[in-house]
Each structure stands twice: as C-alpha cells, then as structure tokens.
Amino acid sequence: MVENKHKVSLTDISIFYGKLHVVKHVSVELPEKEITAIIGPSGSGKSTLLRSLNRMNDHISGMRITGEALIDNQNILANGVDVVMLRRKVGMVFQRPNPFPKSIYENVAYGPKLQGLRSKADLDIIVENSLRQAALWDEVKDRLHVSGFDLSGGQQQRLCIARSLAVGPEVLLMDEPASALDPAATAKIEELMLMLKRTLTVIVVTHNMQQAARVSDRTAFLLGGELVEYDATRKIFTTPQDKRTDDYISGKMG
C-alpha cells in the first residue's frame, strides 16, 4: 500500500502564553485524507496545538509561536499569510455547537456569501451539498428557514460542520466535537468523520479513548506540552512504545 502524502507537517513547534511554555518542540507529519486523533490529559496543549493550525490563537494576548507549520508545503506561520484564506482551507469545529442566530440555510450560506457569492441557484446547491456531506440534509430539507437553534444538540453540531464544509476546506479541525453530545449523537458525528476523510484531512482532539480508537487512523499523545508518541492508532492502543502512553491509555494516568 502506498503511503499517503503528508498534508500537514509541523517542525519544532513551540507555543508560549507569556512565559508559559504550553506546547514544546512538537514535530509531526500528518497524512492527507486520514483522521489523526490528538489525545492527552487536560492541560497537555492539545487544543492549543490544534488551534495553531488555522491561527485561532493569534488574538490571544502574549501568545508566541515558533517553528514551522506547513500545509501543502506552505508555512502558515509566516508573515504575510492571508489568515482569512487559511481559514477557508482549514475549517474548525468547536467543542460545543455554535450555530449563528440565523436560519439553517443562512448558517450554511454564510461563508460563501462572505466570499461574494450572490447567485441563489449556486447558494442552493452549496447548502444542499454541504448539508448532505454533514449527513443532515434528510433531517432538515423541509425546514431550511427555521432557526439553527431549533435543532437538537447533535443536529446543531452537524450544522456547524456543514457551515465549515460550505467554503470547501481541505483540512477540518475538530476540538472535542462530541463531548457535549449524547451517545446517539456522538455515534452520528463519528460516522460523519469517517465519511469526511474520503475527501478531507481530519484532525480531532478528544479525551475519549474509545472514540480515538474507533475513528482515527493515527494518534498523537501529548503530555505536558510534549509529543510523547505518534503512530498508527492500532499500535498506540495495543503496543505503545512509551510507558507514559501505556499508563494514560490504561487509565493509570488521568
């Protein structure tokens, strides 16, 4: 089997909040069209590292990042990078659903409209395709003009995924996307992630070991801001090379 080419390549990434060294010298290469899970205890730097991949940390006072982060061989940390364009390419789904106070249709059409698309026919196609990609179309196609807030929590999260997909990203970052959902809604999000990796590179932060084992192709274990181990998920969960990884996965470490 031919190894997938790398979509994301991080070299010696360190992230500081003031004097606090949150992420420490992380180097890792993530293949395209796979799901990579980032696991580790609270405070290990998982979300901070994830958010650096679409520059979501930029607005935090005192934040400083060093190293190189390549997406398709472009250093996204370089001066002069168009952050708006970057965020079209690298979408983000947050821990709790955050639909806009708009209709289902307008939630999904928001990004394309922001990019200047005005054709109702084209917007209709994008909205339907994005909702289909997010496995939500059949549930909402007859009520596209009701508020996104009228949906269940799981549906709202899939709406947020559809909103991210509408601008055509190549990478989708997911920060604990199912932690606020019930088991049935979580299962739908996991099914969706497996479908999305056919066309996207998915990077997910999760505290849920079972979820990481179920959906990810590769797993990175962070501890105290350091990358302890990174390998195929099967290997990480069955034959980890570092005792700290084994301790965390087996529950000996919180």
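Read on for a plain summary of the structure. No experiment lies behind these values; they were computed from the predicted model shown. (Residues numbered from 1 in each chain as written. Predicted model: local features only at pLDDT ≥ 70, side-chain atom pairs only at ≥ 80, totals over all residues. Heavy atoms only, no water.)

Notes on the pattern of salt bridges
No. 1: A full pass over the atoms with the stated rule returns 16 salt bridges.
No. 2: With a shortest N-O distance of 2.7 Å, Asp58 and Arg55 are connected by a salt bridge.
No. 3: Overlapping salt bridges, with partners in common, bring together Lys7, Asp72, Lys89 and Glu170 in one network. (Salt bridge = Lys/Arg side-chain N within 4 Å of Asp/Glu carboxyl O.)

Focus on the side chain of Ser14
No. 1: You can see Ser14 is positioned in strand 1 (residues 6–17).
No. 2: On the basis of relative accessible area, Ser14 is assigned to the buried category, the value being 1%.
No. 3: A distance of 3.0 Å separates the side chain of Ser14 from the backbone nitrogen of His25, its partner in a polar contact.
No. 4: Ser14 has contacts with His21, Val23, Lys24, His25, Arg64, Ile65 and Thr66, leaving out every residue within four places of it along the chain. (Helix = DSSP H or I, 4+ residues; strand = E, 2+ residues; numbered from the N terminus. Buried < 20%, exposed > 50% of the residue type's maximum accessible area, 1.4 Å probe, protein only. Polar contact = N/O pair within 3.5 Å; in protein donor to acceptor, adjacent residues only side chain to side chain. Contact = heavy atoms within 4.5 Å.)

Here we look at empty space enclosed by the protein
No. 1: This structure, assessed with the given rule, holds one cavity of 30 Å³ or more.
No. 2: Considered as a void within the structure, the largest cavity measures approximately 90 Å³ in volume.
No. 3: In terms of lining, the largest cavity is formed by Leu10, Val28, Leu30, Thr36, Ile38, Leu49, Leu50, Leu53, Ile203, Ala220, Leu222 and Leu227.
No. 4: Of all the secondary structure elements, the ones that give two or more residues to the lining of the largest cavity are strand 2 (20–31), strand 3 (35–39), helix 1 (46–52) and strand 9 (218–223).
No. 5: Classifying every residue of the lining of the largest cavity gives eleven nonpolar, one polar and no charged. (1 Å grid on protein atoms, 1.4 Å probe; cavity = no way out; pocket = protein on both sides within 12 Å on 5 of 7 lines; lining within 4 Å. Points joined across faces, edges and corners; volume = space filled by probe spheres on them. Nonpolar A, V, L, I, M, F, W, Y, C, P; charged D, E, K, R; others polar.)

Looking at unusual backbone geometry
No. 1: The phi angle at Asn73 is positive, at roughly 65°, despite the residue not being glycine.
No. 2: One can find Asn73 in the loop between strand 4 (63–71) and strand 5 (74–75).
No. 3: Of note, Glu176 is a non-glycine position whose phi angle comes to about 50°, a positive value.
No. 4: Classification of Glu176 by relative accessible area gives buried; the value is 8%.

Topic: the packing of aromatic side chains
For any two aromatic rings, the description comes down to two numbers: the centre-to-centre distance and the angle of the planes.
No. 1: According to the stated counting rule, one finds two aromatic pairs in the structure shown.
No. 2: Plain terms: the ring middles of Phe221 and Tyr248 are 5.1 Å apart, the flat faces sit at 20° to each other, and that makes the pair stacked. Linking Phe221 in strand 9 with Tyr248 in helix 10 (residues 243–249), this pair joins segments that are 27 residues apart in sequence. The two residues Phe221 and Tyr248 agree in class, both being buried. (Phe/Tyr/Trp six-rings, centres within 6.5 Å; stacked < 30°, edge-to-face > 60°.)

Details of the nonpolar core
No. 1: Leu131, Ile161, Met174 and Leu196 are the most contacted members of the largest nonpolar core, which totals 40 residues.
No. 2: In terms of residue count, helix 7 (residues 183–196) provides more of this core than any other element does, five residues in total.
No. 3: Aside from chain neighbours lying at most four places away, what touches Leu131 is Ile104, Val108, Leu136, Trp137, Val140, Leu144, Leu159 and Ala162.
No. 4: Core analysis: the next-biggest nonpolar cluster, separate from the first, contains 26 residues, Val23, Leu53, Ala69 and Val171 among them. (Core = buried A, V, L, I, M, F, W, Y, C linked by side-chain atoms within 4.5 Å.)

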